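The lines below spell out each chain.
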Amino acid sequence: MRTRIIAGLSIASLLLLGLPTVATAAPAALAPSVSTVADAPGTVQIAPNQEVIRAGEQASFTVTVVPNPTGPAPTGQIWRGSPTSWHSPVQLVNGSAVIPGAWVTAQNTTVHAFYEGDANYLESTGTIPVTIERRVAPLHPPAAAVGGGTVRPGEPVKVTATLSGSSSAPSGTVIFSEPNGATHPVTVANGLASWTTTLPHGTHTILARYSGDVDYDPVSDASLQVQVDRIATTTTLTASPSAPTINETVTLRATGLPPTATGTVTFSGLGGPNQTVPVANGEAIFRLVFVTANLRQVTATYSGDTIYAGSASTLVDINVSKLTPALTLTANTSSAKVGQAVAFTASTASNATGTVTFYNGNSSIGTATIVSGAATLNVQFDTAQNYVINAIYSGNAQYNGAPSNVQPISIGRWATPVGLSLSATELEAGNPLALTTDLPADATGTVTFSIGGNSVGTASVVGGVITSTATLSVPMNNAGSFVIQALYSGDAKYLPGSSASKGVLVSPSTTTLV
């Protein structure tokens, strides 16, 4: 005898009944159907085999006919469809069968199953309410496209998000989010949404979020990391002149930059603070003077800007040399006497420092310090002759050493005043006569005395405090009138000279008779 059906139910169906309803969240697992009398033999139970059933996806349900605890397992077929149209029977195996199902759109519906019965069990139906969720449209990571394949600052970048639909093409919008939080909704067309933007230099993460539509669920952010690289630049440095002298203007020019480049160029290696100047028309120019001599190795470094990358030039040598000043030598006289001071002045640049050494030929005759661009040396020459004097400047941090012109000087001896004195102007024959000369105190040499033009003897000059003298005693044996004169020989300082003539009267000697 077959078991009686307690509850009359319609046949299981996978048809879509009623108006579609869009689910707002993924449902919990679907519960199996329950008859009015729990677990009554012959009851048709339906259980979904998926936790979530989505539109466009194949689903399946396990249909179980509850057996009599003491009877055999139900056999026969399970039909699916609707109470008015059953189809596609599936054979029970051990009291169960799996039936398929698929829905095109998201909705709330009912699944029907009809058991045709067998020799032991009556026919029966079962139902289960089912929520068909929206499809999931895979949102692929966005892709960036730019002309030339390299993303540059300020250039348009097209970002495209691609959605893959399971059957119908997704619609709705994709919301692109910038790093700064700004959002840009774009309508999906043929599974694509594209947005064009410009980005500054750096690494940027762009997010894409799908809003969903009636068939597809929203999709959380897919990300794209965009590396925006600045355009490489080349900086070329030139210096003109490259071998300047101290205080000569040098022009540093950094070139080779794009005409639209902004930012600054820093010149370093100048021997002082770095100098930074703005870029204009693809170049930067700086002018300066060096106040000390040295080798400078200068570099120009471009800072870069939002579009162009920074760059540095190669080292440029600037060999700054000292100034070579003119050194002019003058004397306060062109001729002088032995022992007379002669002032030699060497004149050069007003800001020169250091010393000047004066030379007689190759022999130094003295050194003087430069004051206000001039050095003066007073010289007394010990020997009468013609001299050729020159001077050499020592140089300093700013100026090279330099030679002067030559300055001739004629040094002559002094004229010698020769004074003559006699011990007597009258005397008797047979008596001596003392002859004495007066000469300058520093005179040396000899004095020759003559009587009547004939030399009567020579005496050496003996120096004194005020004058020097030469004395000769001459016997006067002959009576008569005589002219006496002194002739000076001269020395290194004094010229030869002669005294004025002086006369002496020698009377005959007196004879005494006894």
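Everything below is about the structure shown above.
Now for a quick tour of the structure.

About the cut-offs
- Residues numbered from 1 in each chain as written.
- Predicted model: local features only at pLDDT ≥ 70, side-chain atom pairs only at ≥ 80, totals over all residues.
- Heavy atoms only, no water.
- Helix = DSSP H or I, 4+ residues; strand = E, 2+ residues; numbered from the N terminus.
- Buried < 20%, exposed > 50% of the residue type's maximum accessible area, 1.4 Å probe, protein only.
- Contact = heavy atoms within 4.5 Å.
- Areas by Shrake-Rupley, 256 points an atom, 1.4 Å probe, with all protein chains shown as cover.
- Salt bridge = Lys/Arg side-chain N within 4 Å of Asp/Glu carboxyl O.
- Core = buried A, V, L, I, M, F, W, Y, C linked by side-chain atoms within 4.5 Å.
- Pairing = 2+ DSSP bridges.
- Polar contact = N/O pair within 3.5 Å; in protein donor to acceptor, adjacent residues only side chain to side chain.
- Axes fitted to C-alpha atoms, helices over the stretch in contact; angles between N-to-C directions.
- Phe/Tyr/Trp six-rings, centres within 6.5 Å; stacked < 30°, edge-to-face > 60°.

### Some points on the overall build of the protein
Okay, so step 1: Secondary structure assignment for the protein yields zero helices and 43 strands.
Okay, so step 2: Across the 514 residues that make up the protein, the buried fraction comes to 40%.
Okay, so step 3: The contacts in the protein between residues at least 6 apart in sequence include a share of 63% that link residues at least 24 apart.
Okay, so step 4: Total accessible area on the protein is roughly 25100 Å²; 54% of this is exposed by carbon and sulfur atoms.

### Thoughts on the pattern of salt bridges
Okay, so step 1: For the structure shown, the criterion picks out four salt bridges.
Okay, so step 2: Its salt-bridge partner being Glu283, residue Arg253 comes within 3.5 Å of it at the nearest N-O pair. On the criterion of sequence distance, the pair formed by Arg253 in strand β19 (residues 249-255) and Glu283 in the loop between β21 (275-278) and β22 (284-289) is long-range, its members being 30 residues apart.
Okay, so step 3: For Glu283, a relative accessible area of 26% translates into the label partly exposed.
Okay, so step 4: One network of salt bridges, with partners in common, ties together Arg54, Arg134 and Asp217.

### Some points on the nonpolar core
Okay, so step 1: Core analysis: the largest hydrophobic core is formed by 48 residues, its most contacted members being Leu252, Val265, Phe267, Phe344, Val356, Phe358 and Phe381.
Okay, so step 2: It is strand β32 (residues 385-393) that provides the largest number of residues to this core, a total of four residues.
Okay, so step 3: With sequence-adjacent residues up to four places away left out, Phe381 is seen in contact with Val338, Gly339, Gln340, Val342, Phe344, Tyr387, Ile389, Ile409 and Ile411.
Okay, so step 4: Among the nonpolar cores identified, the runner-up in size contains 24 residues, and Leu433, Leu439, Val447 and Ala486 belong to it.

### Regarding the pairing of strand β3 (residues 58-65)
Looking down a regular strand, the side chains alternate between one sheet face and the other.
Okay, so step 1: Pairing between strand β1 (residues 44-48) and β3: five bridges, direction antiparallel. Bridge pairing in β3 links Val44 to Val65.
Okay, so step 2: Summarising the sheet, β3 and strand β6 (residues 96-102) pair through seven bridges and their orientation is antiparallel. The residue bridging Phe61 from the neighbouring strand is Ile99, located in β6.

### As for the pairing of strand β31 (residues 374-380)
Okay, so step 1: Here β31 shows a buried face lined by Ala375, Leu377 and Val379 and an unburied face lined by Ala374, Thr376, Asn378 and Gln380.
Okay, so step 2: One ladder, built from seven bridges, connects strand β28 (residues 341-347) with β31; its direction is antiparallel. Its bridge partner lying in β31, Thr345 is registered against Thr376.

### Notes on the environment of Pro170
Okay, so step 1: Within the fold, Pro170 resides in the loop between β11 (157-162) and β12 (173-177).
Okay, so step 2: Counting along the chain gives 18 residues from Pro170 to Val188, while the straight-line C-alpha distance between them is 7.2 Å.

### Details of the side chain of Asp217
Okay, so step 1: In this fold, Asp217 is placed in strand β16 (residues 216-217).
Okay, so step 2: Here the side chain of Asp217 touches Arg54 through a polar contact of 2.6 Å, side chain to side chain.
Okay, so step 3: A distance of 3.2 Å separates polar atoms of two side chains, one belonging to Asp217 and the other to Arg134.
Okay, so step 4: Setting aside residues up to four positions removed in sequence, Asp217 forms contacts with Arg54, Arg134, Arg135, Val136, Tyr210 and Gly212.

### A few points about the sheet that holds strand β35 (residues 419-422)
Strand pairing in a sheet relies on backbone hydrogen bonds, with the paired strands running either antiparallel or parallel.
Okay, so step 1: Pairing within the open sheet is antiparallel, and its three strands lie in the order β35-β37-β40. Of all the strands in the sheet, just β35 and β40 (467-476) have a single pairing partner and so form its edges. When strand polarity is set aside, the average angle formed by the axes of neighbouring strands in this sheet is 20°.
Okay, so step 2: Summarising the sheet, strand β37 (residues 431-440) and β40 pair through ten bridges and their orientation is antiparallel. Its bridge partner lying in β40, Pro440 is registered against Thr467.

### Quick word on unusual backbone geometry
Okay, so step 1: With an omega of -10°, the peptide bond running from Ser240 to Pro241 counts as cis.
Okay, so step 2: In this structure, Pro241 sits in the loop between β18 (236-240) and β19.
Okay, so step 3: Backbone geometry at Asn247 places phi at a positive 75°, although glycine is not the residue there.

### Observations concerning the packing of aromatic side chains
Okay, so step 1: Following the criterion strictly, the structure yields six aromatic pairs and no others.
Okay, so step 2: Residues Phe176 and Trp195 carry aromatic rings whose centres are separated by 5.6 Å and whose planes lie at 25° to one another, so their mutual orientation is stacked. Of the two residues, Phe176 sits in strand β12 while Trp195 sits in strand β14 (residues 192-197), which places them 19 residues apart along the sequence. Taken as a pair, Phe176 and Trp195 share a single burial class, namely buried.

### As for the sheet that holds strand β4 (residues 77-82)
Okay, so step 1: Spatially, β2-β8-β7-β4-β5 is the arrangement adopted by the five strands of the open sheet, whose pairing is mixed. Two strands bound the open sheet, and with one partner strand each, they are β2 (53-54) and β5 (85-91).
Okay, so step 2: Pairing between strand β7 (residues 107-115) and strand β8 (residues 124-133): nine bridges, direction antiparallel. Directly across from Thr110, in β8, lies its bridge partner Pro129.

### Examining the environment of Asn351
Okay, so step 1: Within the fold, Asn351 resides in the loop between β28 and β29 (355-360).
Okay, so step 2: Note: C-alpha distance between Asn351 and Val371 (20 residues apart in sequence) is 9.0 Å.
Okay, so step 3: Contact partners of Asn351, with chain neighbours within four places excluded, come to Gln398 and Tyr399.

### A closer look at the environment of Asp382
Okay, so step 1: Considering the arrangement of structural elements, one finds Asp382 in the loop between β31 and β32.
Okay, so step 2: Classification of Asp382 as exposed rests on a relative accessible area of 61%.
Okay, so step 3: Separated by 45 residues in sequence, Asp382 and Lys337 have C-alpha atoms that sit 8.9 Å apart.
Okay, so step 4: Setting aside anything within four residues of it in sequence, one finds Asp382 in contact with Val338 and Ala492.

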